[in-house]
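Structural overview
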Amino acid sequence: PAAADVAFLNRTGKKVEVYWTGQGRGEKRIHRGTMRPHGRLDEDSFAGHVYEVDVQTKTIGTITLTAGVAAYSVDGYGNDIYALNEVDTRQRGKEF
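The following paragraphs examine the structure supplied in this document. Just so you know, these numbers come straight off a predicted model, no measurement behind them.

Summed over all chains, the structure comprises two aromatic pairs. On the numbers, 5.6 Å between centres and 50° between planes, the contact of phenylalanine 8 with tyrosine 51 is tilted. Of this pair, phenylalanine 8 sits in strand E1 (residues 3-10) while tyrosine 51 sits in strand E5 (residues 50-55), and the two are 43 residues apart along the sequence. Assigned by exposure class, phenylalanine 8 and tyrosine 51 land together as buried. One residue, arginine 29, lies across the ring of tyrosine 19, its end atom 3.8 Å from the ring centre.

What follows is the structure, given as structure tokens:
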């Protein structure tokens, strides 16, 4: 599968948990990290991989990665997660 780099940003004053769920086939969730309030988590992964984001044990969003580079932000209220940018589909090493 194609590479996918993603940054998760926490805009809340709460801890946010990020889980990898594989490719959305019902696999067990694997904890990938805890973002402190106003923190960030960077993840190297692959297109098709699925992540879930929890705020205070409530899943607020599910993201399926596409190839390239993307950033997602948890809103300031901890109710939603949204894309900050369009996915950059350039191949690594071809940026310039």
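According to the stated counting rule, one finds four salt bridges in the structure shown. Measuring nitrogen to oxygen at the nearest pair gives 2.7 Å for the salt bridge that ties glutamate 52 to arginine 29. Of the two residues, glutamate 52 is situated in strand E5 and arginine 29 in the loop between strand E2 (16-20) and strand E3 (30-35); the sequence distance between them amounts to 23 residues. Residue arginine 29 is classed as partly exposed on the basis of its relative accessible area, which comes to 30%. Note that glutamate 43 and arginine 32 form a salt bridge whose closest N and O atoms lie 2.6 Å from each other. Of this pair, glutamate 43 sits in strand E4 (residues 40-46) while arginine 32 sits in strand E3, placing them 11 residues apart in sequence. The buried category is assigned to glutamate 43, whose relative accessible area is 6%. Here the salt bridges share partners, and the residues they tie into one network are Arg29, Glu52 and Asp54.

With respect to the helices and strands, serine 45 occurs in strand E4. Engagement of the side chain of serine 45 in a polar contact is seen with the side chain of tyrosine 51, the distance being 3.1 Å.

Pairing in this open sheet of four strands is antiparallel, and the strands run E3-E2-E5-E6 from one edge to the other. A strand with exactly one partner marks an edge of an open sheet, and here the two such strands are E3 and strand E6 (58-64). Mean inter-strand twist for the sheet, computed between neighbouring axes without regard to direction, equals 25°.

A separate point is the environment of serine 73. Looking at the element boundaries, serine 73 is found in strand E7 (residues 68-74). By relative accessible area, which is 0% here, serine 73 ends up buried. Linking serine 73 and phenylalanine 8, residues 65 residues apart in sequence, is a C-alpha distance of 5.8 Å. Each residue touching serine 73, except ones within four places of it in the same chain, is listed here: Leu9, Arg11, Asp80, Ile81, Tyr82 and Leu84. Reaching out from serine 73, the side chain makes a polar contact with the side chain of arginine 11 at a distance of 3.2 Å.

Cut-offs and rules
- Residue positions are counted from 1 within each chain, in the order its sequence is given.
- A pLDDT threshold of at least 70 governs which residues receive local features in this predicted model, and a stricter bar of 80 or more applies before side-chain atom pairs are shown or counted, although totals over entire chains, interfaces and linings include all residues.
- As a rule here, side-chain values cover all heavy atoms of the structure and leave hydrogens and water aside.
- Only Phe, Tyr and Trp rings are paired, with Trp represented by its six-membered ring, and only when their centres lie within 6.5 Å; those with planes under 30 degrees apart are stacked, over 60 edge-to-face, the remainder tilted.
- Helix numbers and strand numbers start at the N terminus; a helix is a DSSP run of H or I with at least 4 residues, a strand a run of E with at least 2.
- To sort residues, take the accessible area from a 1.4 Å probe on protein chains only and compare it with the maximum for the residue type: under 20% means buried, over 50% means exposed, and anything in between is partly exposed.
- Here, over-ring charges are defined by two tests on the NZ atom of lysine or the CZ atom of arginine: distance to the ring centre within 6 Å, and angle to the ring normal within 35 degrees.
- A side-chain nitrogen of Lys or Arg and a carboxyl oxygen of Asp or Glu constitute a salt bridge if their distance falls within 4 Å.
- We define a polar contact as two N or O atoms separated by no more than 3.5 Å, with the added condition that, inside protein, one atom must be a possible hydrogen donor and the other a possible acceptor, whereas residues neighbouring each other in sequence contribute only through side-chain atom pairs.
- For two strands to be treated as a pair, DSSP must find no fewer than two bridges joining them.
- Helix axes are fitted only over the stretch in contact, all axes being lines through C-alpha atoms; the angle between N-to-C directions runs from 0 to 180 degrees.
- The contact definition used throughout considers only heavy atoms, calling two residues in contact when any of these lie within 4.5 Å.

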